[in-house]
Each structure stands twice: as structure tokens, then as C-alpha cells.
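Architecture and fold: a report
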Amino acid sequence: MDRRVRLLAGVGLVALVAALGVLVSPGAVLDRLAWVAADPFRLTLALVVVAVVRPLFAWPTTLLAVVAGYGLGLRGFPLALGLVVVTSLPPYWVAGWGAGDGTVAATGERLVAETGDLRSVVGSRLFPLPSDVVSAGAGVAGVPLRTFALGTAIGEVPWVAAGVVAGTSFASLSAASLSAAMDLRVVVGAAILAGLAFAGPAYRLYTRR
């Protein structure tokens, strides 16, 4: 497909996601999920559906972990982690499809090549960045699918764990706050680990310029 067509399609998709994200908030989703939380089977099905459509609305992946923690307790951690991997795939595929051979893609490929596929995905996930940005970056950089999925599962562990633990503490989903799910200690600790993952490769790339 012509690069210009892919670019226009990508811009249109981003605009659609932005519009849906404004029209439908995560808080509204939490309100609608509250009624299924009492039944583990219903809750699991609802979370699978949310994981599939979430990228269209640009909702944070923390939503899945919080609801899983609220309805299933700490047992919801494996489910939430698996769904976070699943919901990261559409942005990864779309970005890889529309990447082309531009400067951004070339820069991403160099950094990934220097860091290593798995290490780059894990490190990127540990940064306190929007999940879809990281997924798209991996797609643009050409990270293999299996490595992307494994790196996402490893790097998302602290964020999913924080969300699940926070979900177990909420009295009701309607009163849940996604921002409250992120403990500052988790954010700082994960950011430090991410910095360590990229410090050496970034320095080597810089010195070669």
C-alpha cells in the first residue's frame, strides 16, 4: 500500500480513537461493570470484551487490573496480566502496518537493535508511559510478536499488580479512581529500572554519533 495512504489511514484512526476517548470515559465503564462484578464468570467475559475494545477508546490498561482486583481479589492477577497483553496487540499491529521506512522507524529499530528486543520491550513497559504508546513504538520498531508479548507480560507486572491490589481495596467500582491505583513507590521504582535498562544502549548510540 502507498505510504501516503497508510499515513492518512493512520491519522484517521488516531482521530477516531481520540474522539471516542473523549466521548466515553473510563469512569463510565467502571459504572457499567459494577453489576457484573459479583459473578466471576460474568466478570471474566466482560473483561475480555473490554480488553478487545479498549484500544478504540484509549482507556488505560489499569482499568482491567482494577476491575479484576475488585471482583476476583488477588486471584485476578493472572487474568488481568493476560488481558493486558491481549489488549496491547491492536496498537502494536496497527503501528507496525503503518510504520513505513521513515526516520522514526529507523531510530526505533536502532535503539531496539542495540538494547535487544526483549529488554527494550520490558524497559519500555516499566516507564510510566501510556501503554498504547509503548505498543505502537514496538510495532514501529519491528519487534517480533512473540518477544513483544513476552516483554509486555514481564514489564507490565508491577502496573498490573498495583492495579489489582488497589481494586481489592475499593468499596465499590463507582468510587474507584484509576489514578489512585498507581502507588508513587511503584512508579518511581519502575522508572528507575526502566532507566537502567536503556542507559547503556542509549549512551553507546549517543557516542557513535
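Right above here is the structure, for reference.
Quick summary incoming for the structure in this document. (Residues numbered from 1 in each chain as written. Predicted model: local features only at pLDDT ≥ 70, side-chain atom pairs only at ≥ 80, totals over all residues. Heavy atoms only, no water.)

As for the environment of leucine 150
Relative to the helices and strands, leucine 150 is located in helix α9 (residues 145–155). Here the alpha-carbon distance between leucine 150 and valine 122, two residues 28 residues apart in the chain, equals 8.4 Å. (Helix = DSSP H or I, 4+ residues; strand = E, 2+ residues; numbered from the N terminus.)

Side note on the nonpolar core
If you look at the biggest cluster of nonpolar residues, it comprises 20 residues, and the most contacted ones within it are Leu43, Leu47, Leu64, Ala80 and Val160. Going through the elements one at a time, α3 (40–57), α4 (62–72), α5 (77–98) and α10 (157–169) are the ones with two or more residues in this core. Residues Leu89, Ala141, Val143 and Phe148 belong to the second largest nonpolar core, which totals eight residues. (Core = buried A, V, L, I, M, F, W, Y, C linked by side-chain atoms within 4.5 Å. Buried < 20%, exposed > 50% of the residue type's maximum accessible area, 1.4 Å probe, protein only.)

Quick look at the packing of α10 against helix α11 (residues 184–207)
Packing of α10 against α11 leaves a shortest axis separation of 10 Å and a crossing angle of 175 degrees. As the angle between them shows, α10 and α11 are arranged roughly antiparallel. Packed against α10, whose contacting residues are Pro158, Trp159 and Ala162, the element α11 presents Val186, Val187 and Ala190 at the interface. Looking at the contact of α10 with α11 residue by residue, the classes come out as six nonpolar, no polar and no charged. (Axes fitted to C-alpha atoms, helices over the stretch in contact; angles between N-to-C directions. Parallel < 35°, antiparallel > 145°, perpendicular 65-115°, else oblique. Contact = heavy atoms within 4.5 Å. Nonpolar A, V, L, I, M, F, W, Y, C, P; charged D, E, K, R; others polar.)

Brief notes about the packing of helix α7 (residues 117–126) against α11
Where α7 meets α11, the closest approach of the two axes is 7 Å, and the angle between their N-to-C directions is 145 degrees. Where α7 crosses over α11, the handedness of that crossing is left-handed. Together, Arg119, Ser120, Gly123, Ser124 and Leu126 of α7 and Ala190, Ala191, Leu193, Ala194, Leu196, Ala197, Phe198 and Pro201 of α11 make up the contact between the two elements. Across the contact of α7 with α11, the residue classes tally to nine nonpolar, three polar and one charged. (Left-handed = near helix turned anticlockwise from the far one by under 90°.)

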